[in-house]
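These are the residues of each chain, in order.
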Amino acid sequence: MKFKSLDFGTACKNLILLTFILFGLSNCSDVDDDFYSFGEAGTKIMVAYAAKDAECGSSRQITSLVPGKQRKKDVDNCVASVAFEKCSFWTQAGDPVPFACKAIEYRLK
């Protein structure tokens, strides 16, 4: 019985090349998908503050927002942190802003 010899060198090279291409394409994502625009992030944070103020009967005002794009996970963590603050702390603390909100990383475009 005779077997055809297979050229494993070329096959392996092609397989490795195909693997790298597929791996590279699977990790491609639009960087902008990970960020909120300035307007979206600002709106989410202002709504969180307004909801907490309505819940606690206070009137905290946001005096400025960080310009640029902000990571979605950072803004979402900020919003969740504001929601979980106790009203006693929110109304009595000099600066009730959670650390998650102070630590928002942003990008300028």
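None of these values were measured; they are calculated from a predicted model.

Participant: Break down the nonpolar core for me, with residues and values.
Facilitator: Tyr36, Ala41, Ile45, Ala48, Tyr49, Cys56, Val75, Cys78, Val82, Trp90, Cys101 and Ile104 together form the largest nonpolar core, which totals 12 residues. Of all elements in the fold, only helix H2 (38-56) and helix H3 (72-84) reach the threshold of two or more residues within this core. A total of five residues in this core trace back to one element, the largest contributor, which is H2.

Participant: Now, about the state of the cysteines: what can you tell me, with residues and values included?
Facilitator: As enumerated under the stated definition, the model contains two disulfides in all. One disulfide in the model links cysteine 56 with cysteine 87; its S-S distance is 2.1 Å. Every disulfide takes its handedness from the sign of the S-S torsion; for cysteine 56 and cysteine 87 that torsion is -80 degrees, giving left-handed. With cysteine 56 in helix H2 and cysteine 87 in helix H4 (residues 87-92), this pair connects stretches of sequence that are 31 residues apart.

Participant: Talk me through the pattern of salt bridges; I want residue IDs and the actual numbers.
Facilitator: Across all of its chains, the model carries two salt bridges by this definition. A salt bridge links lysine 102 to aspartate 95, with the shortest nitrogen-to-oxygen separation between them at 2.8 Å. By relative accessible area, which is 48% here, lysine 102 ends up partly exposed. Owing to a relative accessible area of 44%, aspartate 95 belongs among the partly exposed residues under this scheme.

Participant: Now, about the packing of aromatic side chains: what can you tell me, with residues and values included?
Facilitator: If you walk through the whole model with that rule in mind, you get one aromatic pair. Summarising the aromatic geometry, the rings of tyrosine 49 and tryptophan 90 are spaced 5.2 Å apart at their centres and angled 70 degrees between planes, so their arrangement reads as edge-to-face. With a gap of 41 residues between them, tyrosine 49 in helix H2 and tryptophan 90 in helix H4 connect regions that are remote in the sequence. The pair tyrosine 49 / tryptophan 90 is uniform in exposure class, with both members buried.

Participant: Explain the environment of arginine 60 residue by residue, including any values.
Facilitator: With respect to the secondary-structure elements, arginine 60 resides in the loop between H2 and strand S2 (69-71). C-alpha separation for the pair arginine 60 and tyrosine 49, spaced 11 residues apart in sequence, amounts to 7.3 Å.

Participant: Tell me about the environment of proline 98, and please be specific about residues and values.
Facilitator: Along the chain, proline 98 turns up in the loop between H4 and helix H5 (99-102). Among all residues touching proline 98, those that are not within four sequence positions of it are Ser81, Val82 and Glu85.

How each quantity is defined
Residues numbered from 1 in each chain as written. Predicted model: local features only at pLDDT ≥ 70, side-chain atom pairs only at ≥ 80, totals over all residues. Heavy atoms only, no water. Core = buried A, V, L, I, M, F, W, Y, C linked by side-chain atoms within 4.5 Å. Buried < 20%, exposed > 50% of the residue type's maximum accessible area, 1.4 Å probe, protein only. Helix = DSSP H or I, 4+ residues; strand = E, 2+ residues; numbered from the N terminus. Disulfide = S-S within 2.5 Å. Salt bridge = Lys/Arg side-chain N within 4 Å of Asp/Glu carboxyl O. Phe/Tyr/Trp six-rings, centres within 6.5 Å; stacked < 30°, edge-to-face > 60°. Contact = heavy atoms within 4.5 Å.

Any functional reading would require information that these geometric values do not contain.
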